[in-house]
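Residue-level structure breakdown
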Amino acid sequence: MNTLVQTLIDGLVIGAFYSLIALGYTMVFGIIKLLNFAHGDLYMLGAFIGYSLLSLVTGNGEGAAGLLGIAVVLLLTMTVVGVIGMGIERIAYRPLLLAPRLSILITAIGVSLILENGSMAIWGAQYQVYPLQLPQTGWSFGGAQLTYTQVAIIAISVLLMAGLQLFVRHSIYGKAMRAIALDQTASSLMGIDVHRVIALTFFIGAALAAGAGVMAGAYYGTINFMMGFIIGLKAFTAAVLGGIGNLPGAMVGGLLLGLIETAGTLVLGGSWKDVVAFSILIVILVCKPTGILGEKVTERM
Amino acid sequence: MGPKTTKLLRLLLLAAAILLPFVSNNYWLDVATLALFYVVLGQGLNIVVGFAGLLDLGYAAFFAVGAYTTGILMTVYGWSFWLTLPVAALLAAGFGVVIGAPTLRLRSDYLAIVTLGFGEIIRILAINLSITGSASGIYGIPRPAIGGYPFSSQKDFYFLMLIIACLVIAAVSRLGRSRIGRAWAYIREDEDAAEAMGIDRVRMKLLAYSIGAIIGSLAGCVFAVKMSAIAPLSFSFMQSIMILLAVVLGGLGSISGVALGAVLVIALPEMLRSAEEWRYLIFGAALILMMIYRPQGLWPAGQEQAADEREAAGDGAKSVPM
C-alpha cells in the first residue's frame, strides 16, 4: 500500500515536469504546426541559467537562498529563457514558415544541437551540483513520504498551468493565439499581428520549460547538458497522449505519463522506463493519434 | 557543367578512389573507409528523406540491426558472414514495416518523432539485453572470407566498401529515375495530388522506408566484421544526426551531393582537430544555415538531373518521358 502511495506521489512530481514542457510543445504545434525539437533543450537551458543565478545569489552554495531569492531566480530564469525562445523563433524558424515542412524540422534539430553543445561549452560536460539545499522533511503517512519540496513543485506547476489556461481563454492575446491556430491567413487579414503572437507563444512555452528546468534541477540535485533530450521526447509523448494542440490535454497527458512511468519502473526496473514511455508513444499514435482530449483533426493540414 | 565533364569527373573520382590505398597511410585509409560507410548510409537515408520526403531521425537503428544481426549470428551460432546478410536485410525490412506501417498514415512529423523513439528503444535494448553483450557490446567477430581469401587488412575492407558504395550508388540512382522514384517525388511534392493520380501513398512510403532500412542494415553488417567489435555507443542519436547532416549538406535527393556530403562530414572533423569540442555546434549551425540560405544543398539534385537529361538528349537515342 505504501509503495503504491509513494509511486503516486513521485509520479505526480515527474508528471508535473512533463506537463509544463508538454504545454510548450502543444502551444507551438497548435499555432504553427511545428514540432519544436529544441524544446527539451530549453528546459535544460533553464536549469543551467537557474544554476548560475542561484550560485550568484548564494555565493556558490555557501549561504542559503531564502524563499524570496528562489522565487526571484525562478522568475528571472523564466524571463531570460523566454526571450531566448523568442530569439530562436526569430532567427531560425520565421524565415522558414512558408518553406516545406521538412526544412523547418531539420532547422529545429540544428537549434537543438546548438543549445546542447553551446551549454556544454559554457558550463562543461560534467554533472553540476545544484547550489540549493531543499528540506527533506515533510509529512509521512503509512510509510510514504510527501516532502514540502514536492508539494511546492506541484503547487507552482498547478499555478503556472492555471495562469496559462486563464490567459489563453480570457485575454485578447489568448484569443489571437486561438485564432491563428485556426487560420493564420484570416487572422492576419483581421488585423492580428501574427508574428508578434507567434513570438509571444514561443516566449510562454520557453518560460514554462525553463520553470520546469529550475525546479527539476533543485529536485534532483544534479544537471547535465544532455538532460533535455530524453525529457523532450517524453514531454512530446505526453502532449500526444493528451491530444496535441490541446492545452488541458498536455497537462493531463504529462501527469498520466509520469504516473505510468513510475509504475512501470516499479514493475520492470529503472533501465526499462524509457522503453515504457516510447512504447506508449508508438501505441497511442497507432491506436488513437488524436490522444485523450484531442479534437478530431484532419490527417494532413 | 556539361554532360561530358560530369562523366569525366565521375570517372576521375572513381580512379582517385581506387588509387588512394596505394598512396595513403593506414590512418587516412581508415578515415576513407569510414567515409565510404557514410556514403552508403547517406544514400540509404537519401531514399527516405530525399526521395520520399520522410524525416527519419532514428536511421542509426537500422545500422545497429545489421551490425548486431551479423555479430550475434557469427559469434554465437558460427554462421558465415555472407549468410547473415539476407537475414539482416529481412530483419531490417521487417522493423521498417512494423514502425512505418502505422505511422506513415499519419502526419509526417509524427514519423520523425516515432523514428527518434524507435532509435532510442533499439539502443536501450542493445544496452540491456544479454544477447547483445549489454553496454560492452559484442567483440571477437570473425573476419569474412571469399573463396578462401580472408579479408583482413585495411585495404581489403576499403575495397569491399568501395564496391558496395558503387553498387548502392548505381542502385539508388536507377531507383530514383524509375517509376517508383517518380512516385516518391510526386508524394514528396504534393501528397494529395499524388493520391488523386492513383499512387498508393502508404505503400510507396513504406517501400521507401524499407529499402532505406535494408541499405542501412547492410552497411551495419560490414561495419560489424570490419571493426570486429560493436558497442551500443556506435548507434546513438548523434550517429543518426550525422547521417542526416551528410544528406542535407550534400543536397536532399541528389546522389552525387549525398556522396559529397558524406565525405565532408567525415573529413572536416579530421581536418579541424583543434576545434573538436565545437564540432557539433558547427554542425548544428550548418543545418540551420543550409536550410535558410541553401535548402537544395551543395550539389543540388536538379543540377544533377539536368546534366543527365542533357546527356540522354545529346545521345539522341530516346526521349525522356516523365
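Now for a look at the structure at hand. None of the values given here were measured: they were computed from a predicted structure.

Basis of the calculations
Residues numbered from 1 in each chain as written. Chains lettered and ligands numbered in written order. Predicted model: local features only at pLDDT ≥ 70, side-chain atom pairs only at ≥ 80, totals over all residues. Helix = DSSP H or I, 4+ residues; strand = E, 2+ residues; numbered from the N terminus. Buried ≥ 20, exposed ≤ 12 C-beta atoms within 10 Å, placed from the backbone. Contact = placed C-beta atoms within 7 Å. Rg over C-alpha atoms; globule rule 2.2 N^0.38 Å. Axes fitted to C-alpha atoms, helices over the stretch in contact; angles between N-to-C directions. Parallel < 35°, antiparallel > 145°, perpendicular 65-115°, else oblique. Left-handed = near helix turned anticlockwise from the far one by under 90°. Nonpolar A, V, L, I, M, F, W, Y, C, P; charged D, E, K, R; others polar. Expected span 1.5 Å × (residues − 1). Arc of directions from axis to C-beta. Pairing = 2+ DSSP bridges. Core = buried A, V, L, I, M, F, W, Y, C linked by C-beta atoms within 7 Å.

Bringing the overall build of chain A into the picture now. When its secondary structure is counted, chain A shows 11 helices and 4 strands. In chain A, buried positions account for 50% of the 301 residues. The long-range share in chain A, meaning contacts at least 24 apart out of those at least 6 apart in sequence, stands at 77%.

Below, the discussion takes up the overall build of chain B. Along the backbone of chain B there are 13 helices and 4 strands. For 322 residues, the compact-globule estimate of 2.2 N^0.38 gives 20 Å, and chain B sits close to it at 20 Å. Across its three principal axes, chain B shows a C-alpha extent of roughly 55 × 50 × 45 Å. Looking at the 322 residues of chain B, the share that counts as buried comes to 47%. Residue pairs at least 24 apart in sequence account for 78% of intrachain contacts in chain B once pairs closer than 6 positions are excluded.

Before going further, it helps to examine the packing of helix H2 (residues 39-58) of chain A against helix H8 (residues 194-220) of chain A. Residues and elements named next belong to chain A. The interhelical angle for the contact between H2 and H8, taken along N-to-C directions, is 55°, at an axis separation of 7 Å. The angle between the axes of H2 and H8 places the two elements in the oblique class. Two packed elements cross with a definite hand, and for H2 against H8 that hand is right-handed. Residues His39, Leu42, Tyr43, Met44, Leu45, Gly46, Ala47, Gly50 and Tyr51 of H2 touch H8, and the partners they reach there are Gly205, Ala206, Ala209, Ala210, Gly211, Ala212, Gly213, Val214, Ala216 and Gly217. A per-class count over the contact of H2 with H8 returns 12 nonpolar, 7 polar and no charged.

Moving on: helix H12 (residues 279-293) of chain B. A rise of 1.5 Å per residue sets the reference length of H12(B), with its 15 residues, at 21 Å; its end C-alpha atoms lie 21 Å apart and thus fit the reference within 8%. Buried residues of H12(B): Tyr280(B), Phe283(B), Gly284(B), Leu287(B), Ile288(B), Met290(B) and Met291(B), and no others. Each buried residue of H12(B) lies within a common arc of 165° when the element is viewed along its axis, so the set occupies one face. The secondary structure elements touched by the buried residues of H12(B) are helix H3 (67-93) and helix H4 (101-123) of chain A together with helix H10 (237-250) of chain B.

Moving on: the interface of chain A and chain B. Taken together, the contact pairs 32 residues of chain A with 32 residues of chain B. Those elements that provide at least two residues to the side of chain A that touches chain B are H4, helix H9 (227-242) and helix H11 (273-287) of chain A. In terms of residue count, H4(A) provides more of the side of chain A that touches chain B than any other element does, 14 residues in total. Looking at the side of chain A that touches chain B, its residues break down into 22 nonpolar, 6 polar and 4 charged.

Moving on, we get to the environment of Leu96(A). Counting through the fold element by element, Leu96(A) comes out in the loop between H3 and H4. Given 20 C-beta atoms within a 10 Å radius, Leu96(A) is considered buried. Each C-alpha atom, one on Leu96(A) and one on Thr107(A), is 8.8 Å from the other, the two residues being 11 residues apart in sequence. If we ignore the near neighbours within four places in the chain, the residues touching Leu96(A) are Ser103(A), Ile104(A), Thr107(A), Met291(B) and Ile292(B).

Each pair of packed helices gets described by two things: the angle between the helix axes and the distance between those axes. Residues and elements named next belong to chain A. At their nearest, the axes of helix H1 (residues 2-32) and helix H10 (residues 247-268) sit 6 Å apart, and the two run at 140° to each other. By the angle between their axes, H1 is oblique relative to H10. Considering the relative orientation of H1 and H10, their crossing is right-handed. By residue class, the composition of the contact of H1 with H10 is 14 nonpolar, 10 polar and 2 charged.

The next subject is unusual backbone geometry. The phi torsion at Lys33(A) lies on the positive side, around 55°, for a residue other than glycine. Residue placement: Lys33(A) occurs in the loop between H1 and H2. The backbone of Ser228(B) sits at a positive phi, close to 60°, despite the residue not being glycine. Assignment of secondary structure puts Ser228(B) in the loop between helix H9 (201-227) and strand S4 (229-230). Classification of Ser228(B) as partly exposed rests on a count of 15 C-beta atoms within 10 Å.

Taken residue by residue, a regular strand's side chains alternate between the two faces of the sheet. All names here are of chain A. Summarising the sheet, strand S2 (residues 138-141) and strand S3 (residues 144-147) pair through 4 bridges and their orientation is antiparallel. Among the inter-strand pairings, Ser140 is bridged to a residue of S3, identified as Gln145. If you look at the hairpin formed by S2 and S3, you'll find 2 residues sitting between the two strands, and Gly142 has a positive phi there, around 60°.

To continue, consider H8(A). Over its 27 residues, H8(A) extends 39 Å from the first C-alpha to the last, a length consistent with the 39 Å expected when each residue adds 1.5 Å. The element H8(A) is largely enclosed, with a buried count of 22 among its 27 residues.

So, about the environment of Leu57(B). Residue and element names in this part refer to chain B. Position of Leu57 relative to the elements: it lies in the loop between helix H2 (26-51) and helix H3 (60-75). For the pair Leu57 and Leu281, spaced 224 residues apart in the sequence, the C-alpha separation amounts to 18 Å. Contact partners of Leu57, with chain neighbours within four places excluded, come to Ala112, Thr115, Leu116, Gly119 and Ser240.

Before going further, it helps to examine the nonpolar core. In terms of nonpolar packing, the biggest core is built from 200 residues, with Ile21(A) and Ala208(B) touching the most fellow members. For Ile21(A), the residues in contact, after removing those within four places along its chain, are His39(A), Gly40(A), Tyr43(A), Ala209(A), Ala212(A), Ile231(A), Gly232(A) and Ala235(A).

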